[in-house]
Amino acid sequence: GPGQSAHPRAAVMDDTDEEGRHAWRHMQAGHNMLLWLWRPQVLATAEVVFEKEVRTTDPTNLEKLRDLSALRAAATTTPAAGSLSGTTKTASFCERMSKYLKALDAFIGYIETHENGAELRDGCKKLKFYWTSQLCDVPKKKGRRGNTDVKLFAATGLWEEMAVMHAATAAALREKAAELFESADHTTAFLLRAANEATEMLRKSAGIYQWYAENILPKCTGQKGSLFELRKPFVEVLAGICLAEAHSVVARRAQINGNSEALVAKLHMGTVRLYAQARSVLATTGELKRSTMSSASDSEEGSPVLDPQLEAYFGLSQSLHTSRCRRSLAIDAQDRLENGEALAHLREAVKELKDVEQTYQLSKAWLHAWNGETQAIERLKAKFERENATVYYQKVPDVVAPTPVEKVIVKPIPFDPSETLTVAQARHP
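Each chain has its residues counted from 1, running along the sequence as written. Where local features are concerned, this predicted model is filtered to residues with pLDDT of at least 70; where side-chain atom pairs are given and counted, the filter is 80 or more; whole-chain, interface and lining totals use all residues. Calculated side-chain values reflect all of the structure's heavy atoms, with hydrogen atoms and water omitted.

### Points about the overall build of the protein chain
Note the cut-off: Numbered from the N terminus, helices here are DSSP runs of H or I no shorter than four residues, and strands are runs of E no shorter than two. Here, Shrake-Rupley sampling with a 1.4 Å probe gives the accessible areas, and only protein chains in the shown set may cover a residue.
Looking only at helices and strands, one finds 13 helices and four strands in the protein chain. Carbon and sulfur atoms provide 51% of the accessible area of the protein chain, an area that totals close to 19,200 Å².

What follows is the structure, given as structure tokens:
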């Protein structure tokens, strides 16, 4: 869930002996398989009854509007608690969403080309769909019954609805990828299976974002102050986040799969590169500066403000994966009896972690993740220092070796709107 952090046992584990290293791999790659710092969030929406919003005297048109209302309600209604679980719920959601999106696409074609659909055209252009935003700094307020509400933003028009519905599907896949690791089962077999399924979900999510950015957004009107999910640079950022998180899982999977520390280090740097690419797109939008000067509570009506925590999310994620890269490099150096080189990597990791903690205002949950990594580095460093003082007597280099050339091995899974989106069924015990 939100702010998922390092396993509480990570700080007390011996990382260097064979048994301790296996346990370290298991916990770091398992419970914290997905570095889930930025809150997962399924987009929320207000109900829309098409037949009440769009006037028609044609019985055929009325029936089409009613069908759309029913399919949208089915696609956006959350199942009752306990009725479904894990990826089973996600598969059901994706199937319902696919049905609605296909019907919506057919309806748009009908009103744009069919003579009977002409009377619906003007009314549909003014249709407003209200949604939350994943990238928005949302002020929470208490409702009349004491429940916490979030701000909804308007998306006007059917193409806009089509775009945000695709974003909602991608967001749901991203959220469920994180939930795969919430099982109490920490066996290697389960973790490898969950890693494969989560990687597939996140790659599919990235593919959906990329597809609708290229094929749906050009048909939208580009309303001022629109949802971030309706602006191409931000959709590219969301796709980049999904790819980086998929790569994060791949790096953890390599650890529990027994791959070499040198390869694991390259994979962590590949994750850093993907985060950096998404971050660079965000930096070009100008919204980062705006988010530091205003907040959601004082923003213009209908004009979302970027969540200022996004910059910290990118900075901390890159820092933690760089640290894990250096941890793998240190273990690799120690295996080669290069204790001085190993200590240089660990000291550099400590410095980089301190820098990120001083640069960003980290939430309590994020500090927990930062502390978990810092403690793991410090314990490994202390052990290597003791060994150097009694066994190796090696000088620690003043200049640390650079991190390796990154290895990026994940790509988006292309999205095909003509097919029903499928998700691997959960196979939890």
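### Thoughts on the packing of helix α11 (residues 309-335) against helix α12 (residues 339-359)
In plain terms, the rule: Note on method: axes are straight lines fitted to C-alpha atoms, helices fitted across the in-contact stretch only, with angles between N-to-C directions ranging 0 to 180 degrees. For classification purposes, an angle smaller than 35 degrees is called roughly parallel, one larger than 145 roughly antiparallel, one from 65 to 115 roughly perpendicular, and anything else oblique. We call two residues contacting when some pair of their heavy atoms lies within 4.5 Å.
At a closest axis distance of 8 Å, the pairing of α11 and α12 adopts a crossing angle of 170°. In terms of their interaxial angle, α11 and α12 are classed as roughly antiparallel. Taking contact as the criterion, the partners of G315, L316, S319, L320, T322, S323, R326, R327, L329, A330, A333 and Q334 in α11 are, on α12, N339, E341, A342, H345, L346, E348, A349, E352, L353 and V356.

### A word on the confidence of the model for the protein chain
Low pLDDT marks regions whose predicted coordinates should not be analysed in detail. Rules: On a range of 0 to 100, pLDDT expresses the predictor's confidence in each residue.
Counting all residues, the mean pLDDT for the protein chain is 82, and 78% of those residues have values of 70 or more. Across residues 141-148 the pLDDT falls below 50, and counting only partners more than four positions away or on other chains, this stretch makes eight contacts in the model. Residue range residues 425-429 is modelled with pLDDT below 50. Its contacts to residues more than four positions away, or to other chains, number 13 contacts.

### Concerning the pattern of salt bridges
To be explicit about the condition: Any carboxyl oxygen of Asp or Glu within 4 Å of a side-chain nitrogen of Lys or Arg constitutes a salt bridge here. Only protein chains enter the accessibility calculation, which uses a 1.4 Å probe. A residue is then buried if its area is under 20% of the maximum for its type, exposed if over 50%, and partly exposed in between.
All chains considered together, the criterion is met by 19 salt bridges. Here R336 and D332 are joined by a salt bridge, their closest N and O atoms 3.3 Å apart. Overall, R336 belongs to the partly exposed group, its relative accessible area being 42%.

### Topic: the environment of Y110
Examined against the element boundaries, Y110 turns out to sit in helix α4 (residues 86-113). Residues Y110 and N61, spaced 49 residues apart in sequence, show a C-alpha to C-alpha distance of 9.8 Å. Once residues lying within four places of it in the same chain are set aside, the contact partners of Y110 are T60, N61, K64, N116, G117 and L120.

### Description of the packing of aromatic side chains
Short version of the rule: In this scheme Phe, Tyr and Trp rings, the latter by its six-membered ring, pair at centre separations within 6.5 Å, and the angle between planes marks the pair as stacked below 30 degrees, edge-to-face above 60, and tilted otherwise. For a lysine, the NZ atom is tested; for an arginine, the CZ atom; a charge sits over a ring if that atom is within 6 Å of the ring centre and within 35 degrees of the ring normal.
Considering all chains together, one arrives at seven aromatic pairs under this definition. Measuring from centroid to centroid gives 5.6 Å for Y275 and Y313, while their planes differ by 80°, and the two rings are edge-to-face. One end of the pair, Y275, is in helix α9 (residues 261-283); the other, Y313, is in helix α11, with 38 residues separating them in the sequence. Classification of Y275 by relative accessible area gives buried; the value is 0%. Here Y313 falls in the buried class, since its relative accessible area comes to 0%. By the ring-pair criterion, three or more aromatic residues cluster together here, those being Y275, Y313 and F314. Residue placement shows K64 over the ring face of Y110; its charged tip is 4.5 Å from the ring centre.

### With respect to the packing of α9 against α11
Here is the rule we go by: For any pair of crossing helices, the crossing counts as left-handed if the nearer helix is rotated counterclockwise from the farther one by less than a right angle, and right-handed if it is rotated clockwise. By the convention adopted, Pro, Cys, Tyr, Trp, Phe, Met, Ile, Leu, Val and Ala count as nonpolar, Lys, Arg, Asp and Glu as charged, and the other residues, Gly among them, as polar.
Here α9 crosses α11 at 165°, and the two axes come no closer than 8 Å. Compared by their axis directions, α9 and α11 come out roughly antiparallel. The interaxial crossing formed by α9 with α11 has left-handed handedness. Residues that form the contact of α9 with α11 fall into these classes: 14 nonpolar, eight polar and five charged.

### What to know about the nonpolar core
Nonpolar side chains in soluble globular proteins tend to end up buried together. Applied cut-off: To define a nonpolar core, start from buried Ala, Val, Leu, Ile, Met, Phe, Trp, Tyr and Cys residues and group those joined through side-chain atoms within 4.5 Å.
One finds F50, L158, Y209, Y212 and F314 to be the most contacted residues of the largest nonpolar core, which totals 113 residues. When residues of this core are assigned to their parent elements, the largest contribution, 15 residues, is made by helix α8 (residues 232-256). Among all residues touching Y212, those that are not within four sequence positions of it are A163, H166, A167, L217, E229 and V235. Counting five residues, the second-largest nonpolar core is a separate cluster that includes A265, M269, C325 and L329.

### Observations regarding unusual backbone geometry
If you check the backbone angles, L337 has positive phi at about 65° while not being a glycine. Here L337 lies in the loop between α11 and α12. By relative accessible area, which is 51% here, L337 ends up exposed. Positive phi, normally seen in glycine, also occurs at Y393, with a value near 55°. Relative to the elements of secondary structure, Y393 occurs in the segment after α13 (364-392). Since its relative accessible area comes to 61%, Y393 is described here as exposed.

### What about the environment of E214?
Following the sequence through the fold, E214 ends up in helix α7 (residues 188-215). Between the C-alpha atoms of E214 and V235, which are 21 residues apart in sequence, the distance is 10.0 Å.

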